[in-house]
Amino acid sequence: RMALCRGPVSSLCHAAELDAVIAGDVSGGVHVLNSTTAEKQREVCCETAVTSVAYAPGLRALISAEGSMAKDISRVTVWDIDSGAKRAEMNYGNFLCSVVYAPELHAIVSGDGNFMKDSKAGQVVIWNIDTLEKHRKLRCGGPVTCVVYNADPRVVISADRSNSIIVWDVESGSKRLEILAEELPWCLAYAPEMQTIFVGESNFKEQTGRIAVLNSDSGSRRFELGCDSPITCIACVPELCAVACGERSGQVSLWDIESRAKRWSIPMAGPVTAMSYCLATKRLAAGCKDGSVRIWTLDELSSG
């Protein structure tokens, strides 16, 4: 199954209750795609490039982050998934790099960066989804590249441009764990059932990348999986004890964790720019710089 967005895909998430994949693109489009047929069901338009999308199950709300450094715009918007109307909108000071939804907190979790000052600072912010009131700010060592949320244990994990990976306790805002990556940690996936954090480490200057497999309790590096180019996105497929990754070279690959071997690799039409796996629908979606979104079922992932 393949769908086409209006511009290069920047972010993907799943909406299991809608049997949908949501794609954001750099032209400002946010597309709701049927995850079985890839048919486009709805589209909303942002003013500038969409940097990240998330979905709030139960609330039938779509969350988009957008931004343009040239236009000095950074904004988070909550949309009604049925009507396409805006429920809430807020302009933001820093550039929004990543957003996820935390149902247990009734909150949006965002990662941002201040790229306009010498400090190159970043933070994780927890927002109320109804009012967009900020509940908590967690300071990072540099602009945030990725955030993930997990309900049990209730943690937020962030990666930033100081090469730090931080596991945050959501209730107290304290650091449970801080890990220094060997290269820029561009993307993350968390598998609590495996006690594992997967980190896509990338050196964009040297055009190299690898998946670092870390123990989520101690932060120790179990092993790494070498890739042919920078890792741009990553997703865990726990049913197969596997991790999928997208590369700047255009490859989507699936790695077996136990054997540490690549199960298969498939080329897309250009650099892979986004990826998301859904435990409920058992589908993997990957987005490409050419605007295409490809969707695999678990059976297709298993067979290659």
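Quick caveat, the model's predicted, so the values are computed rather than measured. (Residues numbered from 1 in each chain as written. Predicted model: local features only at pLDDT ≥ 70, side-chain atom pairs only at ≥ 80, totals over all residues. Heavy atoms only, no water.)

It is not clear to me how unusual backbone geometry should be interpreted in this structure. Could you clarify?
What you tend to see is this: most non-glycine residues have negative phi, and most peptide bonds are trans. With an omega dihedral of 0°, the bond running from Asp152 to Pro153 counts as a cis peptide bond. We note that Ala38 has phi near 70°; this positive angle belongs to a residue other than glycine. Counting through the fold element by element, Ala38 comes out in the loop between strand S4 (29-34) and strand S5 (40-45). Despite not being glycine, His106 has its phi angle at roughly 50°, a positive value. Overall, the relative accessible area of 26% leaves His106 in the partly exposed class. (Helix = DSSP H or I, 4+ residues; strand = E, 2+ residues; numbered from the N terminus. Buried < 20%, exposed > 50% of the residue type's maximum accessible area, 1.4 Å probe, protein only.)

When you look at the sheet that holds strand S14 (residues 144-150) in this model, what are you seeing that I'm missing?
Adjacent strands of a sheet form backbone hydrogen bonds with each other and so pair up, either parallel or antiparallel. Sheet architecture is open: four strands sit in the order S14-S15-S16-S17, paired in antiparallel fashion. On the outer flanks of this sheet lie S14 and strand S17 (175-180), each paired with one strand and no other. Shown here is a sheet whose adjacent strand axes are inclined to one another by a mean of 15°, direction ignored. Taken together, the six bridges between S14 and strand S15 (residues 155-160) define a ladder with antiparallel strand orientation. Considered in S15, the bridge of Asn150 is made with Val155. (Pairing = 2+ DSSP bridges. Axes fitted to C-alpha atoms, helices over the stretch in contact; angles between N-to-C directions.)

Is there a simple way to think about the pairing of strand S27 (residues 283-288) in this case?
Working note: regular strand, side chains alternate between the two faces of the sheet. Burial analysis of S27 places six of its six residues in the buried class, the great majority of the element. Neither face of S27 is open: one carries Arg283, Ala285 and Gly287, the other Leu284, Ala286 and Cys288, and all of them are buried. When strand S26 (residues 272-278) meets S27, the two strands line up antiparallel, connected through six bridges. Pairing of Met275 across the sheet is with Ala286, part of S27. The turn joining S26 and S27, which pair antiparallel and follow one another in sequence, is formed by four residues; a positive phi near 55° is taken by Lys282. Alignment of S27 against strand S28 (residues 292-297), held across five bridges, turns out to be antiparallel. Bridging across to S28, Ala286 finds its partner in Arg294. Where S27 hands over to S28, the hairpin turn is made up of three residues, of which Gly291 adopts a positive phi near 95°.

Quick question: what am I supposed to make of the packing of aromatic side chains here?
Here the distance between the centres and the angle between the planes together describe a pair of aromatic rings. As enumerated under the stated definition, the model contains three aromatic pairs in all. Ring geometry for Tyr92 and Trp127: centres 5.1 Å apart, planes at 45°, overall tilted. Within this pair, whereas Tyr92 is found in the loop between strand S9 (86-91) and strand S10 (95-102), its partner Trp127 is found in strand S12 (residues 122-128), the two being separated by 35 residues in sequence. An identical accessibility class is assigned to Tyr92 and Trp127; each is buried. For the ring pair Trp264 and Trp296, a centre distance of 6.2 Å and an interplane angle of 35° mean the geometry is tilted. Residue Trp264 is found in strand S25 (residues 261-267), and its partner Trp296 is found in strand S28; the two are separated by 32 residues along the sequence. For Trp264, a relative accessible area of 10% puts it in the buried group. Using a relative accessible area of 4% as the deciding quantity, one classes Trp296 as buried. (Phe/Tyr/Trp six-rings, centres within 6.5 Å; stacked < 30°, edge-to-face > 60°.)

How should the sheet that holds strand S24 (residues 251-256) be read in this particular structure?
Reading across the sheet, the four strands line up as S22-S23-S24-S25 and stay open at both edges, with antiparallel pairing between neighbours. On the outer flanks of this sheet lie strand S22 (231-237) and S25, each paired with one strand and no other. Between one strand axis and the next, the sheet turns by 20° as a mean value, whatever way the strands run. As judged from the six bridges shared by S24 and S25, these two strands associate in the antiparallel manner. Across the sheet, Gln251 pairs through a bridge with Pro267, a residue of S25.

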